[in-house]
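Chain residues, written in single-letter form:
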Amino acid sequence: MNWISAFVIGLAFSQMASALEPTPTTAPVKAPVGAIQGWSQKNDLKISLPVTKFTLANGLTVLLLEDHAVPMVSYHTWYRVGSRDEYPGVTGAAHMLEHMMFKGAKKYDGPSFDRIFHENGITNNAFTSNDYTGFYENLPSSKLELVMDMEVDRMSSLMINPEALASEKEVVKEERRWRVDNNPMGLLRELMMGTVFKVHPYKWPVIGHMKDIENYDAEKLRFFYNTFYVPNNAVLVIVGDFKTDKVKKLVEKYYGQLQSRPLPERNYAKEPAQKVQNNAVLRKDVQSSSLIVAFQGPRQGDPDMYALDLGSYILGNGTSSRLHKRLVYRKEIATSTYAYNSSLQDAGIFAVGASMKPEQGTQEALDVIYNEIWKLRNYKVSEQELQKAKTQVMKDIVDNLTTMDGKARALAVNEIVTGSYESLFSDLEKYQAVTADDIQKVAEKYTQQNQRSIITLEPKVKKD
Amino acid sequence: MKNISSVLALSVLCSVMVACSSSSKNVKTPSVPGYVTKSSGSFSLHPYKEVTLENGLKIIFIRDTSLPRISLTLMVRTGSMQEAEGKFGLNAMTAYLLEHGTQSRSATVLADYFGQLGTSLDISPGADVTTVYGDSLSTSSAQLLEVLSDVVMSPAFKESEISRVRSQMIAGLQKKKDNPSAFAEDKINEFVFGEHPYGRDTQGTVESLKKVSKQDIIKHYLTFYRPNNSSMAVVGNFDSDFEQNVSAVFGKWTKRSIPETVVSAPPVNDKLQVKLIVKKGLQQAQVRISTLGIARSSEDFLKLRLSNEVLGGSFASRLNQKIRSEQGLTYSIYSSFDVRKERGSFDISTFTKNETAGKMVAEVLKTVEQYVTEGAKENEISAARSQLVGQFPRAIETADRLAYNMLALDFYGIPYDYLTQFNENVESISLKDANLSMAKNIDLKRFKILVYGDQQIISQFEKYNPEVVRIK
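Residues numbered from 1 in each chain as written. Chains lettered and ligands numbered in written order. Predicted model: local features only at pLDDT ≥ 70, side-chain atom pairs only at ≥ 80, totals over all residues. Heavy atoms only, no water.

**Brief notes about the overall build of chain A**
Item 1. For chain A, the helix and strand inventory stands at 15 helices and 13 strands.
Item 2. Across chain A, contacts joining residues at least 24 apart in sequence account for 82% of those joining residues at least 6 apart. (Helix = DSSP H or I, 4+ residues; strand = E, 2+ residues; numbered from the N terminus. Contact = heavy atoms within 4.5 Å.)

Dropping the structure here:
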């Protein structure tokens, strides 16, 4: 789906089926009148948001959406750069640079970013994925011009101070230990990407290898910054309580002064089609086993994405899914199971996983998963399951649009990965059009035995 | 991601939340008879209506027609606080079992039903309250009401489902060790609260879950899952007929008198205590520093929230600047007051590599001591005020968030005016009051420190004479 990639550093890996945390705080936003039309009939689902899109002469893409629910603004600046733009030896550079974006620029130097955001009642954060890097602020609407001034400063004149870099490298090393080295599920995910991709840069982790983190220097990061942090490589999305005309003028005034620069041609190594099954096993001091069956999937924009998304919902989304019923409910061998299709810009991953109960091996679960995938290839899904999956997708899309921040994210990710935010709306029709035949066809195309990778995490045998 | 603390800060805002005032100045919902609009200056909340049924169930209705969806939240005033000795986990088990079958629907039929609505049920058993949340597209509102009321009012508690849920919960507890952060969280709560229910995992223990019987579950349900012990929020795109249906359906729920809850007091320590939990091979040490804090009803609540904002509430906080930005000792550090119905805790949460665990603790204590002794500076408190006031609208940005906050306020016995008066109240807290509140409530001699890491942490804490627990 065109939601924020499952591999973004910082987002939850997946919704485990028996997750215990409720989210009673997610809800509809007071959207502009007419924000959503035609929902009275389930078969006539249309979303439209009155977005104003324009491109500055320097190539900056801008999306503006008024939303007067509360006197706030959500301000998103995303760059088309991620870990796929790195090379061996400097893995994690895009993420490291994301951290350095808070360490001072020409006008707002040193720790000014943290301090000024705080003094002005603004919260902020950032994230990095395989394909893009995003920065965002949630601010009182009266602070819009200030935030713009700050974002322009660090888009054009970032300082990369070697001392600040040395200290921030330690922070990132702690982040890596926390996300990966001291977190078995993080290790498993890293192993999965390295198993499914052998050639394409998706094979290395977004956060980078520890030895590479230790070796970054200011020069390398500066080159990375100069190359990719340019207006013609960025998307600016502003959603909230403002007048479009006024903000358009502000954007022209502040960002208009920046120069575009030619971007390097991007020739990412193409991942060859997988011909034989891959296996990878990780043995750690854990209480129980986990497993992932993963396949190369369609890239973003491929028409197969929609059917494969729905197929993943039918297999593993929620307690009514096929895998939950068999592995968690009937056999009672797993604590949770999931399936997802994640289409990144150059390739995708279709993955099915289960987390076992302690003392349970993985073979029985693997057999069930193989069987369910086989069924997806050999039988049509029922009309009822298809409808359910479509309703779930629709509802997920609506649920993600309840806040200003949610709208800004959805617009930004669609603009970045498909080239137009409108895919957010047109996708609804594409999901609606998927048939049971389509799901069977994509299952046939992507989930053959020789196309799969089996990645397992097993408890070490304890000697004492 | 640069850091997790801002994400956490928001969730604190919205759960403990009950922390903000409002501003939906452009709410366009037409006025509906019976609905109240609360305003403060240029701000107003979504119009709402409150109804109390004859059986004691309080229902808050908030209409929001901007999206074609509807949500129902039931908050039951029971949790691990109401569990008898040795039956820990009873409430969570009871709560999870609600969706494992009713008198007329099996567990799988229920799962399919919710799936078909495009949704799933969120059941969240806590210490003070348990919430049940469901939502759907508004075209399915009648079905959602029907199935959610069935789940809440007619659970079956079949023996086979009890053993299934028990086994799931036990597996979950066993696997917790693989999640160092969650494990450290449990252990510090146990350390600070002792025998008090806030000290234990709401999921119980492996041993206690085995002792929970079907009779226990039925008794717990019949005693506490009652309309006069609950409140409810109905939010979204609905009409007057739907309101009447909600009242009619839940009006059939029978009330009972609710017994008083008596629990043991948390332990009091008069000198700093350190506990090390050591597991060979861990790549990083989880550090928790806590002490008893305040109840939500405390008059110091807002002052402490403001003061804590300076100490450990954001990227710009003293802890984050000193420990993360200046020394690179961690990726995340924050402090917070976990306020509850009874006295909660003040918590500092962070992690670092095993080699620097001792240094981290020393630096944190130094920073906190200086802050508590000398207090914040005027510019720091002023920034903190801007932060609380500036971010407040997000707490009521959606009707669901507003509803949840109203349920929480109602539970704590705090008037809804809290929301409309929030900005004014925050602005009126002086530097002196903020500093006094911190000095009065935080005493480093009463801190408890828990570190969960590799064995190499032990030698770094010798001077604290720590209790060392080794696990496999």
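**Focus on the sheet that holds strand E3 (residues 52-55) of chain A**
Residue and element names in this part refer to chain A.
Item 1. The strand order E3-E4-E8-E5-E7-E6 describes an open sheet built from six strands, whose pairing is mixed. On the outer flanks of this sheet lie E3 and strand E6 (123-128), each paired with one strand and no other. Adjacent strand axes in the sheet meet at a mean angle of 15 degrees, parallel and antiparallel pairs treated alike.
Item 2. Here strand E5 (residues 72-79) pairs with strand E7 (residues 133-140) via eight bridges, running antiparallel. (Pairing = 2+ DSSP bridges. Axes fitted to C-alpha atoms, helices over the stretch in contact; angles between N-to-C directions.)

**Here's the deal with helix H8 (residues 244-255) of chain A**
All names here are of chain A.
Item 1. A rise of 1.5 Å per residue sets the reference length of H8, with its twelve residues, at 16 Å; its end C-alpha atoms lie 16 Å apart and thus fit the reference within 8%.
Item 2. Taken together, the buried positions of H8 are occupied by Thr 244, Val 247, Leu 250, Val 251, Tyr 254 and Tyr 255. Along H8, the residues classed as buried sweep out an arc of 120 degrees about the axis, all on the same side. In H8, the exposed residues that point more than 90 degrees away from the buried face are Asp 245, Lys 246, Lys 249 and Lys 253.
Item 3. Along its buried surface, H8 packs onto E3, strand E4 (61-66), E5, helix H3 (144-156) and strand E8 (234-240). (Expected span 1.5 Å × (residues − 1). Buried < 20%, exposed > 50% of the residue type's maximum accessible area, 1.4 Å probe, protein only. Arc of directions from axis to C-beta.)

**Some thoughts on the nonpolar core**
Item 1. Met192(A), Ile238(A), Val251(A) and Tyr255(A) are the most contacted members of the largest nonpolar core, which has 76 residues in total.
Item 2. Considering each element in turn, this core owes the most residues, six residues, to H3(A).
Item 3. Not counting residues up to four positions away in its chain, the partners in contact with Val251(A) are Phe54(A), Leu56(A), Val62(A), Met148(A), Leu236(A), Ile238(A) and Gly256(A).
Item 4. Counting 72 residues, the second-largest nonpolar core is a separate cluster that includes Leu302(B), Ala357(B), Tyr412(B) and Ile457(B). (Core = buried A, V, L, I, M, F, W, Y, C linked by side-chain atoms within 4.5 Å.)

**Quick notes on the side chain of Thr61(A)**
Item 1. Following the sequence through the fold, Thr61(A) ends up in strand E4.
Item 2. When sequence neighbours within four positions are dropped, the list of residues in contact with Thr61(A) reads Lys53(A), Phe54(A), Thr55(A), Arg80(A), Ala234(A), Val235(A), Leu236(A) and Glu415(A).

**Here we look at the confidence of the model for chain A**
Item 1. Residue-level pLDDT values for chain A average 90, and 89% of them are 70 or greater.
Item 2. Segment residues 9-44 of chain A is flagged for pLDDT under 50; beyond a separation of four residues in sequence, or across chains, it makes 115 contacts in the model. (pLDDT = per-residue confidence, 0-100.)

**Points about the environment of Gln259(A)**
Residue and element names in this part refer to chain A.
Item 1. Turning to its location among the elements, Gln 259 is positioned in the loop between H8 and strand E9 (278-284).
Item 2. Considering only alpha carbons, one finds Gln 259 and Ser 156, 103 residues apart in sequence, at a separation of 8.7 Å.
Item 3. If we skip the residues at most four places from it in the chain, Gln 259 touches Asn 58 and Pro 231.

**With respect to the pairing of E5(A)**
All names here are of chain A.
Item 1. Where burial is concerned, most of E5 is hidden: eight out of the eight residues are buried.
Item 2. Residues Met 72, Ser 74, His 76 and Trp 78 of E5 are buried on one face, and the alternating residues Val 73, Tyr 75, Thr 77 and Tyr 79, pointing to the opposite face, are buried as well.
Item 3. Of the pairings in the sheet, the one linking E5 to E8 comprises seven bridges and is antiparallel in character. Looking across to E8, one finds that Tyr 79 is bridged to Ala 234.

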